[in-house]
Amino acid sequence: MADNSKTEDTASDSVEAAKNASDKKEKLADQVMQNPQVLAALQERLDNTALTPSSYIETLPKAVKRRIDALKQLQVKCAHIEAKFYEEVHDLERKYAALYQPLFDKRREFINGEAEPTDAESEWHSENEEEEKLAGDLKNVVVIEEKAEAEEANVKGIPDFWFTIFRNVDMLSELVQEYDEPILKHLQDIKVKFSEPGQPMSFSLEFHFGPNDYFSNSVLTKTYKMKSEPDKTDPFSFEGPEIVDCEGCTIDWKKGKNVTVKTIKKKQKHKGRGTVRTITKQVPNDSFFNFFSPIKVSADGESLDEDSEFTLAADFEIGHFFRERIVPRAVLYFTGEAIEDDDNFEEGEEGEEEELEGEEEGEEEEDTESDPKV
């Protein structure tokens with residue numbers, strides 16, 4: 001009997017404790033629900049959930065959803081028509097590239113000192129003509145010795161034209177190491193070549209070099225393969241042609257001049273005898289000329305790791321920039337005028353965004369220094 005009494009008392013205590021806990025929770029809930037800030041937050045969450053496009057679609061009648069599916073079918077057909085449009089644009093680019101080429105050939109001649117522009121060809125009216133006239137008058141006051149030195153220099157063409165562009169453009173200068181610079185000073189021309197009619201869409205960059213002490217190639221090439229068709233699994237993501245792969249070329253380095261590798265020495269200790277030997281081996285080295293040995297996209301569709309995907313995306317961006325900006329407007333990147341225009345455009349976009357959003361956003365940049373090792 002005593003045991004039964006103790007059991008009943010214990011059960012009674014448990015019920016009482018549970019009741020007290022429940023009362024406390026209800027009281028706390030009442031206090032929370034009376035808080036205006038909590039209520040506002042809950043209401044905002046409910047409103048946002050209700051306004052989600054996908055949740056709205058789910059509430060529509062079945063007949064309306066059927067019509068929406070029909071619209072998506074039409075959208076896919078529009079994407080395929082858009083793909084054909086871009087194929088014809090590529091054909092037009094090829095056609096007009098042939099019209100640009102004589103001008104680019106003349107540009108190459110002036111840069112490399114193969115021809116001199118006539119007075120008519122070199123006439124250019126600057127916006128700062130008065131300032132330049134004053135500067136010209138001041139230059140006329142130079143001493144005879146300085147004139148003689150300038151004449152003795154006998155500068156040919158426009159020295160370091162393409163190398164200066166590499167140095168001016170951040171996207172390119174980040175790739176160039178100190179030991180790349182003397183090689184790039186031999187760069188004489190960069191050309192863009194489009195794929196022939198009937199061939200898969202692509203374009204090639206040709207880097208023409210003068211004779212040098214580093215490699216025997218006169219031309220280094222990089223080909224970018226493109227696709228202009230909607231993805232079967234995600235057709236609505238189509239926004240025009242995209243680069244899907246690229247191929248470089250073999251650089252015929254002269255002995256001891258390959259800047260894309262460096263030789264390191266490593267000591268190895270024999271486990272049994274305890275003797276030590278020194279071995280040398282070559283390891284990859286940072287260089288612009290790695291540009292011609294890109295990461296290969298897997299033929300079987302196997303995905304790349306995150307670092308490789310980032311590197312490949314950056315490569316595609318650089319190739320596109322050469323094609324769309326550097327080659328067509330080379331002189332403006334040499335003088336820096338195109339860079340100033342790009343900077344002004346970006347600043348304008350940021351300014352508009354600040355006005356619309358009412359808040360300022362800054363980008364953090366991390367500068368890294370690398371010690372070139374050959």
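Only a predicted model underlies this, so the values are computations on that prediction, with no experimental measurement involved.

The rules behind each value
Residues numbered from 1 in each chain as written. Predicted model: local features only at pLDDT ≥ 70, side-chain atom pairs only at ≥ 80, totals over all residues. Heavy atoms only, no water. Helix = DSSP H or I, 4+ residues; strand = E, 2+ residues; numbered from the N terminus. Buried < 20%, exposed > 50% of the residue type's maximum accessible area, 1.4 Å probe, protein only. Polar contact = N/O pair within 3.5 Å; in protein donor to acceptor, adjacent residues only side chain to side chain. Patch = residues over 30% accessible without salt bridge, like charges linked within 9 Å, V, L, I, M, F, W, Y side chains within 5 Å. Areas by Shrake-Rupley, 256 points an atom, 1.4 Å probe, with all protein chains shown as cover. Salt bridge = Lys/Arg side-chain N within 4 Å of Asp/Glu carboxyl O. Lys, Arg positive; Asp, Glu negative; His and termini not counted. Charge placed at Lys NZ, Arg CZ, Asp CG, Glu CD. Core = buried A, V, L, I, M, F, W, Y, C linked by side-chain atoms within 4.5 Å. Contact = heavy atoms within 4.5 Å. Phe/Tyr/Trp six-rings, centres within 6.5 Å; stacked < 30°, edge-to-face > 60°. Pairing = 2+ DSSP bridges. Axes fitted to C-alpha atoms, helices over the stretch in contact; angles between N-to-C directions.

Enquirer: Describe unusual backbone geometry, and please don't skip the residues or the numbers.
Expert: Note: most residues except glycine have negative phi, and most peptide bonds are trans. Its identity is not glycine, yet D160 carries a phi of approximately 55 degrees, on the positive side. Assignment of secondary structure puts D160 in the loop between α7 (144-153) and α8 (161-168). The partly exposed category is assigned to D160, whose relative accessible area is 30%.

Enquirer: How would you sum up the side chain of N217? Please name residues and give values.
Expert: Position of N217 relative to the elements: it lies in the loop between β2 (202-209) and β3 (219-227). A distance of 3.1 Å separates the side chain of N217 from the backbone oxygen of T250, its partner in a polar contact. Of note is the side chain of N217, whose polar atom sits 2.8 Å from the backbone nitrogen of D252.

Enquirer: Please provide a residue-by-residue account of a negative patch on the surface, values included.
Expert: Taken together, the side chains of D305, E306, D307 and E309 present a region of like negative charge at the surface. Mapped onto the secondary structure, E306 falls in helix α11 (residues 306-326). Exposure remark for E306: the relative accessible area of 68% places this residue in the exposed category.

Enquirer: Residue-level account of the nonpolar core, with values.
Expert: Within the largest apolar cluster, 49 residues are counted, with the highest numbers of intra-cluster contacts made by F166, F207, F289 and F322. Sorting elements by how many residues they give to this core places α11 first, with 6 residues. In contact with F322, not counting residues within four places along its chain, are F166, L172, I190, L205, F207, F291, V327 and P328.

Enquirer: An account of the packing of aromatic side chains is requested, with residue identities and associated values reported.
Expert: Applying the stated criterion across every chain yields a total of 25 aromatic pairs. With a centroid separation of 5.2 Å and an interplanar angle of 20 degrees, the aromatic rings of F203 and Y224 are classed as stacked. With a gap of 21 residues between them, F203 in strand β2 and Y224 in strand β3 connect regions that are remote in the sequence. This pair shows no difference in class: F203 is buried, exactly as Y224 is. Geometrically, the ring pair formed by F288 and F292 is edge-to-face, given 6.0 Å between the ring centres and 85 degrees between the ring planes. Ring pairs connect the aromatic residues F166, F207, F209, F215, W253, F288, F289, F291, F292 and F322, which therefore count as one cluster.

Enquirer: Pulling in residues and values, what's your account of the environment of V76?
Expert: Inspection of the secondary structure assignment puts V76 in helix α4 (residues 62-111). On the basis of relative accessible area, V76 is assigned to the partly exposed category, the value being 22%. When near neighbours in sequence (up to four residues on either side) are disregarded, V76 contacts P235 and F236.

Enquirer: Describe the sheet that holds β3, with residues and values.
Expert: An order of β1-β2-β3-β4 is seen for the 4 strands of this open sheet, with the pairing classed as antiparallel. Where the open sheet ends on each side, the last strands, each with one partner, are β1 (187-194) and β4 (242-247). The sheet shows a mean angle of 20 degrees between the axes of neighbouring strands, taken without regard to direction. Of the pairings in the sheet, the one linking β3 to β4 comprises 5 bridges and is antiparallel in character. Bridging across to β4, T223 finds its partner in E247.

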